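Spelled out, the chains give:
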Amino acid sequence: MVDEVLNETRFAMDKAVKSLKRDMTKVRTGRASVSLLDDVRVEYYGVPTPLSQVATLSAPEPRLITVQPWEKNLIPEIEKALFKADLGLTPSSDGQLIRLPVPALTEERRREMVKIIKRMAEEAKISVRNARRDANDNLKMLEKEKEITEDDLKRSEKDVQQLTDQFVELIDSVVQKKEQEVMEV
């Protein structure tokens, strides 16, 4: 019983960290990264399709992303989708390849990005704390129903707290790494 609760808690906390990491890839640093284009959808024969499924994406230089569509007639649609995505990148096309120069971030913009990152981290920590609360509630319920003893409850609550501390540290390290990446000139 207790192991089930701990496993569910670990799963929920891990999910919060994975979600944070996925969201962090969308935060623009000074470096070009094709993950910036993950949410861009292109009208492909009337169906909104992820850009990565209609073109080859690459970052050949630190400040440049290239998009090479598999069908040349898609170039106007891709450019339209890139403008609509509001990424702060201006596409330029030569009829075969779309180039997205990634401008360097100003100091002020870097600080704004760090604030956004910290807000994301706080949301992840809230998710972790919610998982802790749910686990403790489940453990108290088990104790109330006489499925575990009071000693088991105390021990399990301590385990849940250790798990929480572990995941909060992990979130802090992810944030610190991303913050350094953003502030790097």
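A. Quick peek at the pairing of strand S6 (residues 98-101). Where burial is concerned, the two faces of S6 differ: the one with Ile98 and Leu100 is buried and the one with Arg99 and Pro101 is not. One ladder, built from four bridges, connects strand S4 (residues 64-69) with S6; its direction is antiparallel. The partner of Ile65 across the bridge, within S6, is Leu100. Bridge count between strand S5 (residues 92-93) and S6: two bridges; the pairing is antiparallel. Bridging from a neighbouring strand, Ser92 pairs with Arg99 of S6. The hairpin turn running from S5 into S6, its antiparallel successor, is four residues long, and Gly95 in that turn takes a positive phi close to 95 degrees.

B. Geometry of the sheet that holds S4. Sheet architecture is open: four strands sit in the order S3-S4-S6-S5, paired in antiparallel fashion. The strands lining the two open edges of the sheet, one partner per strand, are strand S3 (55-61) and S5. The sheet contacts of helix H2 (residues 75-85) involve S3, S4, S5 and S6, and relative to S6 the element is tilted by about 20 degrees.

C. Looking closely at the layout of surface pockets. Counted as a void, the second largest pocket has a volume near 170 Å³. Along its surface, the second largest pocket is lined by Lys21, Met24, Thr25, Val174, Lys177, Lys178 and Glu181. Looking at which element gives the most residues to the lining of the second largest pocket, the answer is helix H4 (residues 150-183), with four residues. The residue makeup of the lining of the second largest pocket, split by class, is two nonpolar, one polar and four charged.

D. How the structure looks around the pattern of salt bridges. Under the defined criterion, the tally for this structure stands at ten salt bridges. Between Asp134 and Arg133 there is a salt bridge, and its shortest N-O distance comes to 3.4 Å. Overall, Asp134 belongs to the partly exposed group, its relative accessible area being 39%. With relative accessibility at 44%, the residue Arg133 sits in the partly exposed group.

E. How the structure looks around the environment of Arg110. Position of Arg110 relative to the elements: it lies in helix H3 (residues 107-144). Judged by its relative accessible area of 3%, Arg110 falls in the buried class. The sequence separation of Arg110 and Arg155 amounts to 45 residues, and the corresponding C-alpha distance is 44 Å.

What counts as what
Residues numbered from 1 in each chain as written. Predicted model: local features only at pLDDT ≥ 70, side-chain atom pairs only at ≥ 80, totals over all residues. Heavy atoms only, no water. Buried < 20%, exposed > 50% of the residue type's maximum accessible area, 1.4 Å probe, protein only. Helix = DSSP H or I, 4+ residues; strand = E, 2+ residues; numbered from the N terminus. Pairing = 2+ DSSP bridges. Contact = heavy atoms within 4.5 Å. Axes fitted to C-alpha atoms, helices over the stretch in contact; angles between N-to-C directions. 1 Å grid on protein atoms, 1.4 Å probe; cavity = no way out; pocket = protein on both sides within 12 Å on 5 of 7 lines; lining within 4 Å. Points joined across faces, edges and corners; volume = space filled by probe spheres on them. Nonpolar A, V, L, I, M, F, W, Y, C, P; charged D, E, K, R; others polar. Salt bridge = Lys/Arg side-chain N within 4 Å of Asp/Glu carboxyl O.

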